[in-house]
Amino acid sequence: MAPPGPQPEATATDTNPDGSVVALKLDRRLRVRRALETISSVLVDGSAGKTAIVSSFGGESAVLLALVAEVAPDAPVIFLETGKHFPETLRHRDQLVARLGLTNVQSIAPDATALSDEDPDGTLWARDTDQCCTIRKVLPLERTLAGYDAWITGRKRFQAATRNALPFVEWDGQHVKINPLADWTADDLAAFMDERDLPLHPLTKQGFPSIGCMPCTERVEDGEDARAGRWRGSGKTECGIHLPKDRAA
Ligand code: SF4
């Protein structure tokens, strides 16, 4: 017979011999819930004002987009159509849009005059990657986001040493930026994609964990940062859209 008084609470190991598995699953569930609550607060309740999602439709973009589709499938999703993407990325974009039922994906092209003035033969990336990113990504996004108060990104801390202190919410000098997946690991992403049966970007299994424009994206070796194949050997680590506005200009 149990002694009188308060009884100890049951622990995971009382019901499951491998408590670490229980802890891992619970941790993942709570991480998904936190991300969903953040996205819902921003997109449904409008807690950050008028907000867009920016997606590259790259390696694991399906995770953020699936969470968005769950609470606000009509939210604006901005895709920077640089004209330099892998064909696989464009097909993946179309597949995800159909699969998730996203109804407001906007493919934003660079300014035609800037292209004809500065990159008439399409090879600026080989001479000046910063300027190429400026006219194909930074300026088109700035023009688009001028109509918004905030944006949501899919960035994660594990992706690169330069992102290991990524906050959930930040100010970029012009907009509030929300990073609901900041604390997700590669395993979290894989588990979520598996659970939801989400399609992988076709290049992910071919050694491209981070996928940008075709001329500036190479395969990554085991043990390298996920973004090590981006602008490899150039010292460049970001296209500029994620730099604080006083540095990206
Ligand atoms: S990633 Fe490369 S091709 Fe794409 S905009 Fe930047 S420099 Fe140009």
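Below or above, wherever it landed, is the structure these notes cover. Keep in mind the model is a prediction, meaning the values are calculated, not measured. (Residues numbered from 1 in each chain as written. Predicted model: local features only at pLDDT ≥ 70, side-chain atom pairs only at ≥ 80, totals over all residues. Heavy atoms only, no water.)

Turning our eyes to something else, we now look at the pattern of salt bridges. If you walk through the whole model with that rule in mind, you get 16 salt bridges. For the salt bridge of Glu 238 with Arg 163, the shortest nitrogen-to-oxygen distance reads 3.1 Å. Of the two residues, Glu 238 sits in the loop between helix H8 (186–196) and helix H9 (245–248) while Arg 163 sits in the loop between strand E4 (150–152) and strand E5 (169–171), which places them 75 residues apart along the sequence. The exposure classification of Glu 238 matches that of Arg 163, with both residues buried. Members of the salt-bridge network, linked through shared partners, are Asp 27, Arg 28, Arg 31, Arg 34, Asp 183 and Asp 188. (Salt bridge = Lys/Arg side-chain N within 4 Å of Asp/Glu carboxyl O. Helix = DSSP H or I, 4+ residues; strand = E, 2+ residues; numbered from the N terminus. Buried < 20%, exposed > 50% of the residue type's maximum accessible area, 1.4 Å probe, protein only.)

The next point concerns the site of the ligand. With respect to spatial proximity, the complete set of residues near the ligand consists of Lys 84, Trp 125, Thr 129, Cys 132, Cys 133, Arg 136, Lys 137, Cys 213, Cys 216 and Trp 231. Broken down by element, the residue count for the shell around the ligand peaks at five residues, all from helix H7 (residues 129–145). The residue makeup of the shell around the ligand, split by class, is six nonpolar, one polar and three charged. (Near = heavy atom within 4 Å. Nonpolar A, V, L, I, M, F, W, Y, C, P; charged D, E, K, R; others polar.)

In this model helix H4 (residues 87–100) runs 20 Å from its N-terminal to its C-terminal C-alpha over 14 residues, within 8% of the 20 Å that 1.5 Å per residue would give. Of the residues making up H4, those classed as buried are Thr 89, His 92, Arg 93, Leu 96 and Leu 100. Angularly, the buried residues of H4 cover 105 degrees about the axis, an arc narrow enough to put them on a single face. Across from the buried face of H4, at angles greater than 90 degrees, the exposed residues are Arg 91 and Ala 98. Buried residues belonging to H4 abut helix H3 (61–71), strand E2 (77–80) and strand E3 (105–108). A positive phi of about 75 degrees marks Gly 101, the residue just after H4. (Expected span 1.5 Å × (residues − 1). Arc of directions from axis to C-beta. Contact = heavy atoms within 4.5 Å.)

With that out of the way, let us pick up a negative patch on the surface. There is a patch of like negative charges on the surface, built from Asp 111, Asp 117, Glu 118 and Asp 128. Examined against the element boundaries, Glu 118 turns out to sit in helix H5 (residues 112–118). (Patch = residues over 30% accessible without salt bridge, like charges linked within 9 Å, V, L, I, M, F, W, Y side chains within 5 Å. Areas by Shrake-Rupley, 256 points an atom, 1.4 Å probe, with all protein chains shown as cover. Lys, Arg positive; Asp, Glu negative; His and termini not counted. Charge placed at Lys NZ, Arg CZ, Asp CG, Glu CD.)

On to the sheet that holds E3, then. As a general point, the strands of a sheet are linked pairwise by backbone hydrogen bonds and lie either parallel or antiparallel. With respect to topology, six strands assemble into an open sheet ordered E3-E2-E1-E4-E6-E5, the strand pairing being mixed. Edge positions in the sheet fall to E3 and E5, since each has one partner strand and no second. Along the sheet, successive strands turn relative to each other by an average axial angle of 30 degrees, direction set aside. Both E4 and strand E6 (residues 176–178) contribute to a ladder of three bridges, which runs parallel. (Pairing = 2+ DSSP bridges. Axes fitted to C-alpha atoms, helices over the stretch in contact; angles between N-to-C directions.)

Across the two faces of strand E1 (residues 51–54) the burial is the same, with Thr 51 and Ile 53 and Ala 52 and Val 54 all buried. In terms of strand pairing, E1 meets E4 through three bridges, oriented parallel. The residue bridging Thr 51 from the neighbouring strand is Ala 150, located in E4. Looking at chain direction, E1 and E2 are connected through two bridges and run parallel. Bridge pairing links Ile 53 to Val 77 in E2.

Coordinates in, geometry out; function isn't part of it.
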